[in-house]
There are 2 protein chains.
Amino acid sequence: MTSLAVVDLLGALAYGELVSFERIASDARLAPELEDNIVLAGIAATEYSHFVQVCDRLTQLGFDPNQAMEPFVAPLNQFHANMSTDSWLERVLMVYVADGIAADFYREMSTHLDEQTASLVLHVLADAGQTEFAVSRIRDAIAHDPKVAGRLALWGRRLMGEMISQATVVASARPELQKLFFQVAGSADEITAFVNRLTVGHARRMDVLGLAS
Amino acid sequence: MTSLAVVDLLGALAYGELVSFERIASDARLAPELEDNIVLAGIAATEYSHFVQVCDRLTQLGFDPNQAMEPFVAPLNQFHANMSTDSWLERVLMVYVADGIAADFYREMSTHLDEQTASLVLHVLADAGQTEFAVSRIRDAIAHDPKVAGRLALWGRRLMGEMISQATVVASARPELQKLFFQVAGSADEITAFVNRLTVGHARRMDVLGLAS
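Scoring rules and cut-offs
- Residues numbered from 1 in each chain as written.
- Chains lettered and ligands numbered in written order.
- Predicted model: local features only at pLDDT ≥ 70, side-chain atom pairs only at ≥ 80, totals over all residues.
- Heavy atoms only, no water.
- Helix = DSSP H or I, 4+ residues; strand = E, 2+ residues; numbered from the N terminus.
- Rg over C-alpha atoms; globule rule 2.2 N^0.38 Å.
- Buried < 20%, exposed > 50% of the residue type's maximum accessible area, 1.4 Å probe, protein only.
- Contact = heavy atoms within 4.5 Å.
- Areas by Shrake-Rupley, 256 points an atom, 1.4 Å probe, with all protein chains shown as cover.
- Buried area = accessible area lost by both parts, 1.4 Å probe.
- Salt bridge = Lys/Arg side-chain N within 4 Å of Asp/Glu carboxyl O.
- Polar contact = N/O pair within 3.5 Å; in protein donor to acceptor, adjacent residues only side chain to side chain.
- Nonpolar A, V, L, I, M, F, W, Y, C, P; charged D, E, K, R; others polar.
- Phe/Tyr/Trp six-rings, centres within 6.5 Å; stacked < 30°, edge-to-face > 60°.
- Axes fitted to C-alpha atoms, helices over the stretch in contact; angles between N-to-C directions.
- Parallel < 35°, antiparallel > 145°, perpendicular 65-115°, else oblique.
- Least-squares fit on C-alpha atoms with pLDDT ≥ 70 in both.

Draft legend 1. Seen up close, the overall build of chain A. Helix and strand counts for chain A come out as 9 helices and 0 strands. For chain A, the succession of helices and strands along the chain, N to C, is α-α-α-α-α-α-α-α-α. In terms of overall size, chain A behaves like a compact globule, its C-alpha atoms giving a radius of gyration of 17 Å where 213 residues would be expected to give roughly 17 Å. Along the first, second and third principal axes, the C-alpha atoms of chain A reach 55 × 35 × 30 Å. Each of the 213 residues in chain A was classed as buried or not, and the buried ones make up 52%. Pairs at least 24 apart in sequence give 81% of the contacts found in chain A among residues at least 6 apart. Accessible area for chain A stands at about 9600 Å²; split by element, carbon and sulfur atoms hold 56% of it.

Set out below in structure tokens:
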């Protein structure tokens, strides 16, 4: 018997992959160089295949993927609407930062899933090339003009804050998912520790770019 | 020995597929319904696989895909910049109309290509589902509000005009490609007939939607 929390988790993950696919494909069009455009298109295509795999798993478990995704459409769209930007570098940073935080979160949650679902979750979270891409492009940009670092650091903080805020909206609307989260975390103290681990992971990724978190 | 015209043709086709992929993936994000979002994402992913196949053929023939695409980046980007719109229906119509005209054009050109390249061109031109999608959504919208038909008919005419205008830019910059075009058409009279066939194909597609061309 699959718990509703697992369906929620997969639904959120599936819609996250779909939005990520569309977001990266849109970013690709804005790439200043054809080469970067092509690299990002490839990353987007990988995200699409992840989306299909998560939907297939939901179907296998006897659930309708669209229904499973529906509760997460509004909060995820809101997140992207709040973080919309025309800046190429902010968009590059966003993919790296948001995917990193999401991956850390799902990786911890996957420890409470059945083996097959957990292995799928770990598979679709695997880096599709966005880390190497973002790190090299952002480092180059900072080397070329150190002033951009301050603006990007601020953007990274806003991203983290906005993700926590939307996650809170989701948690309060999906009690089953919230219960799973509490199970994964353990006690109230452990919840703080869990959130701290996410913050540390975020800081580490910003640090790789030479940005303050 | 592969003629430079064939490399140009494949380069233009490859970049066209890449832009199409990114354009449809961006459209998907704007879909009012999750179901439409998912259908468009699937069409976009098919366009990406077409892009990869054309690049692979260029590599097989001994050419660098990026170099082959480069001459077509500016005119295709200009086309999309000129036809940028926030209207969901105009975007849906654009995919259907522009892909249709491009497919008619490449299909005629393919008669002068080697068999393997021609069969690849025909394969990547195959409808990825965009016709059925566009026709049903636009018909529904017109049935719901007949006033949109006038605006969409105008948009369809602008699309055709803008494509001819950018094609002229490309033709004057790529003499080898222009020569192949003249060979395919035959005589000067035949060129007029070729363009007329494209116009007739466009009118037929607009007609399917109940729109004047």
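Draft legend 2. The arrangement of the interface of chain A and chain B in detail. Every contact between the two is made by 24 residues of chain A and, on the other side, 24 residues of chain B. Three residues stand out in chain A for area buried against chain B, namely E22, R29 and L34 of chain A, and they jointly supply 32% of the buried area on that side. Our count for the chain A to chain B interface comes out at 0 salt bridges. Where chain A meets chain B, there are 1 residue pair in polar contact (both at pLDDT 80 or more). Contributing elements (two or more residues each) for the side of chain A that touches chain B: α1 (4-30), α2 (34-60) and α3 (65-82) of chain A. If you tally residues by element for the side of chain A that touches chain B, the top one is α2 of chain A, at 10 residues. For the side of chain A that touches chain B, the per-class residue count stands at 14 nonpolar, 5 polar and 5 charged.

Draft legend 3. Looking closely at the side chain of D104 of chain B. Within the element layout of this structure, D104 of chain B appears in helix α4 (residues 88-109). In contact with D104 of chain B, other than residues within four places in its own chain, are L198, G201 and R205 of chain B.

Draft legend 4. Examining the environment of P32 of chain B more closely. Relative to the elements of secondary structure, P32 of chain B occurs in the loop between α1 (4-30) and α2 (34-60). For the pair P32 of chain B and E176 of chain B, spaced 144 residues apart in the sequence, the C-alpha separation amounts to 44 Å.

Draft legend 5. Representation of the packing of aromatic side chains. Residue and element names in this part refer to chain A. On inspection of all chains with the given rule, the structure shows 17 aromatic pairs over all chains. Judged by centre distance (5.2 Å) and plane angle (55 degrees), the ring pair of F21 and Y48 falls under tilted. Here the residue F21 occupies a position in helix α1, and Y48 occupies one in helix α2, the gap between them amounting to 27 residues. For the pair shown, F21 and Y48 are each scored as buried. Residues F105 and Y106 carry aromatic rings whose centres are separated by 5.4 Å and whose planes lie at 70 degrees to one another, so their mutual orientation is edge-to-face. Taking the relative accessible area as the measure of exposure, F105 reaches 23% and is therefore partly exposed. Accessibility expressed as a relative area gives 10% for Y106, which makes it buried.

Draft legend 6. Seen up close, the packing of helix α8 (residues 175-185) of chain B against helix α9 (residues 188-208) of chain B. Residues and elements named next belong to chain B. Following both chains from N to C, one finds α8 and α9 inclined at 90 degrees, their axes separated by 8 Å at the closest point. In terms of their interaxial angle, α8 and α9 are classed as roughly perpendicular. For the pair α8 and α9, the contacting residues are F181, F182, V184 and A185 in the first and E190, I191 and F194 in the second. Counted by class, the contact of α8 with α9 contains 6 nonpolar, no polar and 1 charged residues.

Draft legend 7. View of the packing of α1 of chain B against α8 of chain B. Residues and elements named next belong to chain B. At a minimum axis distance of 8 Å, the contact between α1 and α8 shows a crossing angle of 95 degrees. As judged from the angle between their axes, α1 and α8 are roughly perpendicular. From α1, L4, A5, D8 and L9 reach across to α8, where they touch E176, L177 and L180. Class assignment for the residues of the contact of α1 with α8 results in 5 nonpolar, no polar and 2 charged.

Draft legend 8. Representation of the relation of the copies chain A and chain B. Structural alignment of chain A on chain B gives an RMSD of 0.0 Å, achieved by rotating through 180 degrees and translating 0.0 Å along the axis. Taken together, the rotation angle and the small translation identify this as a two-fold axis. Every residue of chain A has its C-alpha some distance from the rotation axis, and the shortest such distance is that of S26 of chain A, at 2.7 Å. Looking at the interface residues of chain A, 100% of them are also at the interface in chain B, so both copies use one shared face.

Draft legend 9. How the structure looks around the side chain of R205 of chain B. Residue and element names in this part refer to chain B. Among the secondary structure elements, R205 is positioned in helix α9. Assessed through its relative accessible area of 9%, R205 is described here as buried. Residue contacts for R205: discarding those within four places in its chain leaves Y96, V97, G100, I101 and D104.

Draft legend 10. Highlighting the environment of A153 of chain B. All names here are of chain B. Mapped onto the secondary structure, A153 falls in helix α7 (residues 148-173). Considering only alpha carbons, one finds A153 and L209, 56 residues apart in sequence, at a separation of 9.5 Å. In contact with A153, other than residues within four places in its own chain, are M206, L211 and A212.

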